[in-house]
Amino acid sequence: MLWEITTFVIGLVYIYTILTTVIMVLMENRNPVKSIAWILVLILVPIVGFIFYIFFGKNLRKQFVISRRSLQKLKGYSYTVEDIRGVPSDVLPVEHRNLATLSMNSCDAEAYPNNQVTLYQDGKTLFDDIFEALESATHHIHMEYYIFLSDEIGRKVIDVLLRKVRQGVFVRVIIDDVGSWMMKKSAISEMREAGIRVESFLKVGLPFLSSKVNYRNHRKILIVDGRVGFTGGMNIADRYVEGLQWGPWRDSHLRIEGSGVAGLQKTFLYDWYFVDRKLISDANFFPLPEPKGKTLLQMVTSGPDTAWNSIMQVFFAAIVQARKYVYIETPYFLPNESMVTALQTAALSGTDVQVILPERADARFTLVGSYSYLNEMFKAGVKVYFYKKGFVHSKTIVIDDEISTVGSSNMDVRSFEANFEANVVMYDPNIALKLRQIFEEDRANSEEVNKADWEKRPIVQRVKESIARLFSPVL
């Protein structure tokens, strides 16, 4: 009798849990296809489905959104110095006004003029300049990285930070708790004991291991004295200099000097408020910029803390407005339905749409999932190339020799909907031309995927791709 009662109670709890979870899915009022998919998983494989939903399915965007009152306070410091305000949209070049206005309205991305932008294609050159910038710091160093390892490169960075904090420089570091899980705890303790402020973004650990694991800070940002900033696709680890065992690491990163550094600074301080709940409004973090160049740029950010999927929206608008070409490099190609539509629409309109993907990647399962989207690209006339000279981790788009973007966002569902990402959008023909030339060099080291041959691949391979695609939201 006791066994029967226990079984009955467990059954009731089980049914109640699944039913309430299904109701939660329905009440979120998101994409009906996603809701139906989650409901089917919960009904057909309830235990596994429930676990997956807790980790990856819950939509916590409303919980992460910063209050408008706090946001206004955070925005306030950038206006304490008139000369670092972005230019209003009505004075932007008319051909870019709609895209720039979209960025402003979607994520408060101000348009900053008169910047000098340096492009990097490899880790060695980048880190040489990063170390030079760090050594020059006299007031503050702000760092925010998805991956920060305590390997050889990481150790060199830590040693510089320790030296600078002893010289009286303010040093703040944000690391993602999942991306940097291999960083030695002793290294973190060493920095904290020396006076460096180190904060982990959305800590994940028992017994609170839950859906927080699905929302990661994928940004890569460094600001020195508010005058020079770095951002793009490279983290702090040896692999970005030494490459992988089977080939070199090809990536893209930016150095910014000029008014646009204020955009990087605001992004960092938003995130610092997120991890520390302290508003930093000292004007010393926003020094008067010197006109360094002619590049007009915006710092476009997106994540669970914003009301819109801003980076995806900007990508979508820029692609469908293209007249001549769209060249994309991305290590992971798991686009959502909107981005598939944008690429197909551009290609069907006569725009030359080309995508470079890695032939080999650091995440095999994710790469297999990327393959499942290629037929949809070929159908519309999109050209796809597999990069063969190592691993291409570059995250760039260049359009019509006019607009370009470099940043942390991949062309995938995770970057568009779950991760905290940051991309620089540049309205500069000279930068666009350089990125187009880089794309063409990478294309020369790639092999075009033949549509007819691709359709002949084994059925087993297609099944693997379809299975991997099911997990695209969490890859």
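Residues numbered from 1 in each chain as written. Predicted model: local features only at pLDDT ≥ 70, side-chain atom pairs only at ≥ 80, totals over all residues. Heavy atoms only, no water.

Some remarks on the overall build of the protein
A tally of regular secondary structure across the protein gives 19 helices and 19 strands. For the protein, the proportion of its 475 residues judged to be buried stands at 56%. A separation of at least 24 residues holds for 81% of the contacts in the protein among residues at least 6 apart in sequence. (Helix = DSSP H or I, 4+ residues; strand = E, 2+ residues; numbered from the N terminus. Buried < 20%, exposed > 50% of the residue type's maximum accessible area, 1.4 Å probe, protein only. Contact = heavy atoms within 4.5 Å.)

What to know about the packing of helix 7 (residues 123-135) against helix 8 (residues 152-166)
Close contact between helix 7 and helix 8 brings their axes to 10 Å; oriented N to C, the two are set at 15°. The angle between helix 7 and helix 8 places the two elements in the roughly parallel class. Handedness of the helix 7/helix 8 crossing: right-handed. Note on element contacts: helix 8 touches helix 7 through I153, K156, V157, V160, L161, R163 and K164, opposite F127, F131, L134 and E135. (Axes fitted to C-alpha atoms, helices over the stretch in contact; angles between N-to-C directions. Parallel < 35°, antiparallel > 145°, perpendicular 65-115°, else oblique. Left-handed = near helix turned anticlockwise from the far one by under 90°.)

Quick word on unusual backbone geometry
One non-glycine residue, L202, adopts positive backbone phi at about 50°. Here L202 shows up in the loop between strand 4 (197-201) and strand 5 (220-224). With a relative accessible area of 11%, L202 lands in the buried category. Its identity as a non-glycine residue notwithstanding, D401 has a phi of 60°, on the positive side.

Some points on empty space enclosed by the protein
Scanning the entire structure with this criterion turns up three cavities of 30 Å³ or more. Looking at the largest cavity, its volume works out to about 60 Å³. Lining the largest cavity are V314, F315, A318, I397, I399, I403, S404, T405 and V425. Broken down by secondary-structure element, the contributors of at least two residues to the lining of the largest cavity are helix 12 (310-321), strand 15 (396-399) and strand 16 (403-407). Among the residues making up the lining of the largest cavity, the classes are represented as seven nonpolar, two polar and no charged. Quantified by volume, the second largest cavity comes out at close to 50 Å³. The wall of the second largest cavity is formed by F315, I328, E329, T330, K395, T396, I397, T405, S409, N410, M411 and N423. Mapped by element, the contributors of at least two residues to the lining of the second largest cavity are strand 10 (325-329) and strand 15. Here the lining of the second largest cavity is composed, by residue class, of four nonpolar, six polar and two charged. (1 Å grid on protein atoms, 1.4 Å probe; cavity = no way out; pocket = protein on both sides within 12 Å on 5 of 7 lines; lining within 4 Å. Points joined across faces, edges and corners; volume = space filled by probe spheres on them. Nonpolar A, V, L, I, M, F, W, Y, C, P; charged D, E, K, R; others polar.)

Observations regarding the confidence of the model for the protein
In this model, the protein carries an average pLDDT of 85, and 77% of its residues clear a pLDDT of 70 or more. Scored below 50 in pLDDT, residues 77-84 makes 24 contacts in the model with residues more than four places away or belonging to other chains. (pLDDT = per-residue confidence, 0-100.)

Considering helix 11 (residues 261-276)
If you check helix 11, its first and last C-alpha atoms are 22 Å apart, about what 16 residues at 1.5 Å a residue would give, namely 22 Å. Along helix 11, 16 of the 16 residues are buried, which leaves the element largely enclosed by surrounding structure. Two residues or fewer after helix 11 comes R277, characterised by a positive phi angle close to 60°. (Expected span 1.5 Å × (residues − 1).)

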